[in-house]
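# Descriptive structure summary
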Amino acid sequence: MLKKIAIALVALFSCFLGLQAQEANSVSQPQVHEIDTVQYLENVVVYGRKPYAEVIPAQTLAGKKLEGLNSHSIADAIRYFSGVQVKDYGGVGGIKTIDIRSMGTNHLGVFYDGIQLGNAQNGQIDLGKFSLDNIEEISLYNGQKSEIFQPARDFGSAGSVYIKTRRPKFAGNKNDNFNVTMRTGSFGLANPSVRWEHRFSRTLTMSLSAEYTYATGQYHFRYRKKFSDGTIAWDTTAVRKNGDVQAFRAEGAIFGTIEDGKWNAKFYYYDSERGIPGAIVNNVWMNSQRQWDRNFFAQGGWQKHLSDRFEMMLNAKYACDFMHYNNPDTTLMLVDNKFWQDEIYVSSANKYTIMPDWDVNLSVDYKWNYLNSTLINFSYPQRHTTLVALATARTWHRFKCQASLLYTMINDRYKTVYQGETLAHHSKWMHKFTPAVFMNYQPIARYDFYLRAFYKRIFRMPTFNDLFYTDMGNANLRPEYANQFDFGFWYQRLREDGFFTGLKFTADAYYNTITDKIIAVPSGRGQYRWTMMNIGKVRIIGVDVSARATMHMARDFNVDINLSYTYQKARDYSDPEDTGYGGTYKGQIAYIPWHSGSVVGRATWRDLDVNYSFIYVGERYSTSCNERAYHQQPWYTHDLSASYTFRMGSTKLKLSAEVNNLFNQYYDVIVNYPMPGRNYKLIVKFDF
Amino acid sequence: MKKSFYYIILITATLALLNSCREDEVIYIKEVVPVTQPEYTSVEGFYLLNEGVMQHDLASLDYYNYATGEYERDVYTDANPTVVMELGDVGNDIGIYGSKMYMVINCSDKVEVVDKRTVKRIGQIDIPNCRYIKFYQGYAYVSSYVGPVVLEGEGNDEDVYQLGAVFKVDTTTLQVVDKCVVGRQPDELDIVDGKIYVANSGGYSQGAMIGYENTVSVIDIATFKEEERIPIAINLLGCKCDRRGILWVSSRGDYHGTPSMLYAYDTQKRRLVKSFDVRVSNMCLEGDSLYVISKEWSSLSQGYANGTYAIINTKTLEVVNEQFITDGTDSRIVQPYGIAVNPITKDIYVTDGLNFVQFGFLYCFGQDGVMKWRIRAGNIPAHFVFLGDNINEQ
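The rules behind the values
Residues numbered from 1 in each chain as written. Chains lettered and ligands numbered in written order. Predicted model: local features only at pLDDT ≥ 70, side-chain atom pairs only at ≥ 80, totals over all residues. Heavy atoms only, no water. Helix = DSSP H or I, 4+ residues; strand = E, 2+ residues; numbered from the N terminus. Rg over C-alpha atoms; globule rule 2.2 N^0.38 Å. Buried < 20%, exposed > 50% of the residue type's maximum accessible area, 1.4 Å probe, protein only. Contact = heavy atoms within 4.5 Å. Areas by Shrake-Rupley, 256 points an atom, 1.4 Å probe, with all protein chains shown as cover. Lys, Arg positive; Asp, Glu negative; His and termini not counted. Charge placed at Lys NZ, Arg CZ, Asp CG, Glu CD. Patch = residues over 30% accessible without salt bridge, like charges linked within 9 Å, V, L, I, M, F, W, Y side chains within 5 Å. Salt bridge = Lys/Arg side-chain N within 4 Å of Asp/Glu carboxyl O. Buried area = accessible area lost by both parts, 1.4 Å probe. Nonpolar A, V, L, I, M, F, W, Y, C, P; charged D, E, K, R; others polar. Phe/Tyr/Trp six-rings, centres within 6.5 Å; stacked < 30°, edge-to-face > 60°. Core = buried A, V, L, I, M, F, W, Y, C linked by side-chain atoms within 4.5 Å. Pairing = 2+ DSSP bridges. Axes fitted to C-alpha atoms, helices over the stretch in contact; angles between N-to-C directions. pLDDT = per-residue confidence, 0-100. Disulfide = S-S within 2.5 Å.

### Some points on the overall build of chain A
For chain A, the helix and strand inventory stands at 5 helices and 36 strands. Against the compact-globule benchmark of 26 Å for 688 residues, chain A has a radius of gyration of 25 Å, which places it among compact chains. Across its three principal directions, the C-alpha atoms of chain A cover 70 × 65 × 50 Å. Within chain A, the proportion of its 688 residues that are buried is 58%.

What follows is the structure, encoded as structure tokens:
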């Protein structure tokens with residue numbers, strides 16, 4: 001027994017050492033053991049058939065594991081996935097965007113309860129704005145969710161994050177669940193939230209939740225430099241100002257089941273005001289810009305087996321977003337801009353089962369976007385997007401394969417003002433076809449060992465800002481393409497008893513290219529004038545590795561350890577002339593570390609739950625000119641949390657305490673945007 | 001059981017090893033790079049101020065030493081290692097007056113004052129959003145975008161705009177002693193016959209109803225009051241006065257249908273004497289020659305125009321050379337940005353800002369327009385000042 005344990009640990013340990021030796025890297029950590037029984041039953045009972053297993057499983061954080069992480073926002077949680085970099089401008093209210101496998105933020109699709117969140121203005125979804133309060137599961141897919149029965153839009157990103165809000169679940173005859181949570185801690189945080197779930201009948205449930213966040217956003221930060229002999233040249237500590245945030249979120253959903261199907265409808269409302277703390281530079285320690293956001297969407301879905309072989313899914317969404325940016329500082333350019341965005345989206349997915357192991361799907365989506373603004377000479381752009389996806393999934397014994405072809409048709413309409421005259425324009429109709437192929441093979445039936453591979457070609461459209469931003473946009477921009485090749489494997493071993501109850505190992509190697517990358521380039525003298533051009537070219541070679549072990553230490557005492565590691569060589573091939581000292585050719589692109597990784601450990605003993613997490617991001621450069629002036633030090637944080645649940649019948653009271661950045665490391669993710677040092681949080685959660 | 005704990009501890013220890021990866025940030029000491037043969041004239045060298053892209057706090061100072069033929073990078077941090085957050089954010093102008101050198105650091109809201117030879121810090125003058133500097137009789141005059149805020153109109157026609165100012169600074173005490181309100185977003189200034197001429201841009205109003213400025217403000221130094229505003233063209237930037245009292249003023253245009261232009265204004269006859277259909281983003285006056293460079297993006301044609309590298313004779317007011325780079329090097333220059341001409345040898349220095357986020361290039365051309373050498377400078381190399389005892393260091 002002990003020998004077996006030792007061998008297994010050595011294996012685990014050596015993979016970790018391998019990580020240090022910079023070989024390996026990772027992708028997925030689906031819920032191997034913690035299959036959510038309620039949901040599993042739901043699937044099985046309601047549909048009466050086994051869901052089609054994903055060809056390439058996602059990396060997923062869900063349930064207690066997600067709850068245990070010291071994360072305030074979805075962006076904080078996603079940091080634990082391999083192959084992902086978070087751009088974090090610091091603090092509770094700072095922008096946090098995700099870059100997957102170095103392809104750039106705009107290539108990532110973020111789906112909230114099944115429907116993509118859009119931002120036609122700048123293409124970026126600030127995941128810092130989405131709290132974890134009402135979230136049940138976060139999954140990350142490279143390529144696309146390898147399931148064919150989905151809207152056409154789900155085929156349209158180079159990588160996707162699926163955020164699933166909590167589904168109401170009722171124990172026994174209980175028809176109402178209530179949850180009251182209060183979080184407080186550093187940065188003057190006050191974060192109460194409430195949730196009510198109600199069961200009208202066996203086939204109809206609903207949930208309502210609301211949350212308020214307030215934080216002063218103040219924290220100490222420290223910058224210092226030393227002489228080469230180690231003595232201090234300068235050392236300064238200051239307080240981060242104008243990082244306050246105030247946000248209100250309300251969300252409601254209704255879930256119904258029908259014969260051979262289900263439906264849901266939901267709304268989401270978010271209203272916030274925040275300070276934009278800005279960059280810290282010599283002689284400037286504070287900024288005063290502010291931003292207001294109001295986001296609303298309502299969406300619904302319906303899904304039914306119309307016959308044994310034919311299944312249909314309909315989705316629709318309306319979203320409207322408001323953003324107001326204000327600079328009141330009279331020493332700088334006074335700015336007071338407002339932007340309004342609308343999106344209307346409808347989708348139909350139709351799956352037909354030709355044979356028990358052969359499915360085809362046809363999805364058709366239509367999307368309309370509109371941007372309005374108070375800017376003078378604004379172009380009021382509209383975009384009509386039609387997406388058609390044809391996909392098929394086939395299983396031959398232990399080999400599974402999926403292929404999809406996405407057709408995208410886009411037309412933009414906009415206005416220009418030239419010498420007092422307003423002219424209406426139509427962009428050329430754009431037609432693009434982009435394919436994807438996913439494969440999975442299990443060589444030996446007895447072992448949970450799977451080989452997998454995928455290829456995907458996709459593009460991202462230039463955003464409205466890229467195309468039409470007053471004086472800066474370039475209406476001639478072409479789409480930016482991402483090509484991905486991935487090959488990997490995963491292996492798992494589960495056991496009922498013994499010390500190791502589960503072991504899992506995944507590894508993926510990938511090669512991505514980005515062509516026609518849209519880059520801001522100077523358009524004249526002075527730094528206020530830039531324009532966008534399709535001049536970038538990036539090649540990315542990467543390895544993602546992850547390992548997971550669950551251990552049964554003693555009675556009621558379990559330990560779960562996750563390791564993930566990413567190696568990325570993401571090089572700039574834009575300008576072959578630009579070589580030598582200070583050149584960018586073949587330089588590692590901005591903010592992509594060669595090495596990054598995380599370790600998450602969780603120990604549970606009865607109702608006590610202790611979590612430790614460690615994140616490491618290696619050295620990076622802030623541009624693809626890899627010289628000392630742009631060098632960014634590695635950073636790593638250790639977070640610790642503990643929680644205890646008191647139970648009285650069906651009533652639960654959970655107390656948690658968190659310490660983040662335990663060793664008080666002062667670091668920047670984005671240059672001159674200091675991150676907080678050690679900070680604390682207390683959470684009281686009351687369920688009844 | 002015990003053994004497994006032991007392994008877990010080992011794993012944790014391995015993690016701790018990762019902690020050793022982070023190093024202390026070390027200050028930049030200067031890098032000295034041999035460039036060419038030494039040259040001995042009364043011009044000892046020149047400083048090149050690299051702007052540094054906004055928000056990155058990357059302004060830096062380089063020095064070229066003629067006596068050694070060596071290029072020295074980061075001389076400011078080398079001389080002043082203890083200054084918190086280094087030189088600052090966006091170096092916009094540089095000038096020497098007496099024994100001191102002044103660097104206008106736009107987004108750090110200050111003028112940094114150092115010894116012109118040792119580059120040791122003497123002090124700083126806090127002027128918000130400062131742009132350009134000139135000196136006259138013991139005072140430094142600094143243009144700044146910061147002046148009073150004006151509210152005009154009512155209701156839907158309400159327009160808010162900011163006027164700019166010229167700050168007067170005592171060069172011995174380094175204190176601001178006075179300021180004079182001028183037009184909107186004033187840029188370069190020059191001084192002739194006891195008068196300051198400032199080019200007003202109105203650059204902040206590009207998207208506002210009020211539109212660009214189109215005037216040069218004239219300040220009488222004796223009273224330090226704005227005397228008049230001379231209409232020239234929209235969105236002015238450069239403003240240099242030659243020895244005959246001709247003021248050379250450049251307009252940026254509106255980036256749409258109106259291109260950048262160059263204008264000659266006679267300060268004695270008080271009238272515009274000539275306008276030049278020449279694209280200009282930066283210029284340099286040396287003797288009777290005005291060197292003009294440009295490369296512009298046009299949002300109408302959605303492309304870059306060809307680069308301009310022209311010389312104008314300030315005596316005859318004629319373009320005498322439409323292409324002072326003769327060896328084809330101009331095709332390598334992505335974003336011509338800074339220009340200077342050695343007053344003795346007439347060698348021409350042009351900087352290339354490239355994409356603004358990496359290190360740019362400094363090119364040296366002989367009088368014949370053939371490239372002598374080029375070297376990487378800092379991030380957005382832009383503003384020059386020559387050092388020497390008997391030269392006009394401004």
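After that view of the structure, there is still more to cover.
### Examining the overall build of chain B
The helix and strand tally for chain B stands at 2 helices and 33 strands. A compact globule built from 394 residues should have a C-alpha radius of gyration of about 21 Å, and chain B, at 23 Å, falls within 12% of that. A total of 394 residues make up chain B; the buried ones form 60% of that total. Summarising the internal contacts of chain B: among those between residues at least 6 apart in sequence, 48% fall at separations of at least 24. Here chain B has roughly 14800 Å² of accessible surface; of this, 49% comes from carbon and sulfur atoms. Once the 35 positive and 52 negative side-chain charges of chain B are each reduced to a mean point, those two points are 2 Å apart.

### So, the environment of A:Val346
Within the secondary structure, A:Val346 sits in strand β17 (residues 335-355). Discounting chain neighbours no more than four positions away, the residues touching A:Val346 are A:Asn315, A:Ala316, A:Val364, A:Asp365 and A:Tyr366.

### Points about a nonpolar patch on the surface
Residues and elements named next belong to chain A. Together, Met182, Trp605, Leu608, Val610, Leu640, Tyr644, Phe646, Met648, Leu655 and Val684 line one region of the surface with nonpolar side chains, adding up to about 810 Å² of accessible area. Here the element with the most residues in the nonpolar patch is strand β32 (residues 635-648); it accounts for 4 residues. By the secondary structure assignment, Trp605 is in strand β28 (residues 595-605). A relative accessible area of 40% means that Trp605 is categorised as partly exposed.

### With respect to the pattern of salt bridges
One pass over the structure, following the stated rule, counts 58 salt bridges over all chains. For B:Asp24, the salt bridge is made with A:Arg224, and the minimal N-O distance between the two is 3.7 Å. Of this pair, B:Asp24 sits in the loop between α1 (2-18) and β1 (31-34) while A:Arg224 sits in strand β11 (residues 219-226), each in a different chain. A residue is classified by how much of its surface remains accessible, and A:Arg224, at 32% relative accessible area, is partly exposed.

### Description of the interface of chain B and chain A
If you look at the interface, chain B gives 87 residues, while chain A gives 80 residues. Summed over both partners, the interface of chain B with chain A comes to about 7700 Å²; 59% of that surface belongs to carbon and sulfur atoms. Considering only the surface of chain B that becomes buried against chain A, B:Arg22, B:Glu25 and B:Met85 emerge as the three largest contributors, covering 10% of it. Counting across the chain B and chain A interface gives 5 salt bridges. Across the salt bridge formed by A:Lys226 and B:Asp24, the nearest N and O atoms sit 3.0 Å from each other. Counting only elements with at least two residues in the side of chain B that touches chain A, the list comes to α1, β8 (121-126), β9 (130-136), β12 (159-162) and β32 (371-379) of chain B. For the side of chain B that touches chain A, the leading source of residues is α1(B), giving 10 residues. Of the residues contributing to the side of chain B that touches chain A, the split by class is 43 nonpolar, 26 polar and 18 charged.

### Remarks on the packing of aromatic side chains
Here the distance between the centres and the angle between the planes together describe a pair of aromatic rings. Residues and elements named next belong to chain A. Under the defined criterion, the tally for this structure stands at 61 aromatic pairs over all chains. Between Phe399 and Tyr441, the aromatic rings sit 6.3 Å apart at their centres with planes inclined by 55°, giving tilted as the arrangement. Of this pair, Phe399 sits in strand β20 (residues 399-418) while Tyr441 is found in strand β22 (residues 430-441), placing the two residues 42 residues apart along the sequence. By relative accessible area, Tyr441 is classed as partly exposed at 33%.

### What about the nonpolar core?
Generally speaking, a soluble globular protein has its nonpolar side chains buried in company with each other. Formed by 62 residues in total, the largest nonpolar core has its most connected members in A:Ile74, A:Ile78, A:Leu127 and A:Ile138. Residues B:Tyr47, B:Leu49, B:Leu61 and B:Ile96 belong to the second largest nonpolar core, which totals 19 residues.

### Observations regarding the pairing of strand β28 (residues 318-321) of chain B
All names here are of chain B. Taken together, the 3 bridges between strand β27 (residues 308-313) and β28 define a ladder with antiparallel strand orientation. Looking at the pairing, Ile312 lines up with Val319 of β28. Between β27 and β28, which follow one another and run antiparallel, lie 4 residues, and Leu317 among them has a positive phi close to 55°.

### Looking at the pairing of β8(B)
Across a regular strand the side chains alternate sides, sitting on one face of the sheet and then on the other. Residues and elements named next belong to chain B. Relative to β8, strand β7 (residues 110-115) is paired through 5 bridges, and the arrangement is antiparallel. Paired with Glu112 across the strands is Gln124, a residue of β8. Counted along the chain from β7 to the antiparallel partner β8, the turn is 5 residues long, and its residue Val119 has a positive phi close to 65°.

### Considerations on the sheet that holds strand β13 (residues 165-170) of chain B
Residue and element names in this part refer to chain B. Within the open sheet, the 4 strands sit side by side as β9-β10-β13-β14. Their pairing is antiparallel. In this open sheet, the two edge strands, each paired with only one partner strand, are β9 and β14 (175-181). On average, each strand axis in the sheet is inclined to that of its neighbour by 25°, with strand direction left out of account. As paired strands, strand β10 (residues 139-144) and β13 are joined by 6 bridges and run antiparallel to one another.

### Observations concerning the confidence of the model for chain A
In this model, chain A carries a mean pLDDT of 88, and residues with pLDDT of at least 70 account for 92%. Below pLDDT 50 for its whole length, residues 1-52 of chain A participates in 130 contacts with residues either more than four positions away or in separate chains.

### Re the state of the cysteines
Considering all chains together, one arrives at 0 disulfides over all chains under this definition. With no disulfide of its own, B:Cys130 lies 8.9 Å from the sulfur of B:Cys107, the closest cysteine sulfur.

### Details of the sheet that holds strand β6 (residues 100-105) of chain B
All names here are of chain B. Strand order across the open sheet formed by 4 strands is β5-β6-β7-β8, with antiparallel pairing between neighbours. Pairing within the sheet leaves two strands with one partner each, and these edge strands are β5 (91-97) and β8. Averaged over all neighbouring strand pairs, the angle between strand axes comes to 20°, with direction disregarded.

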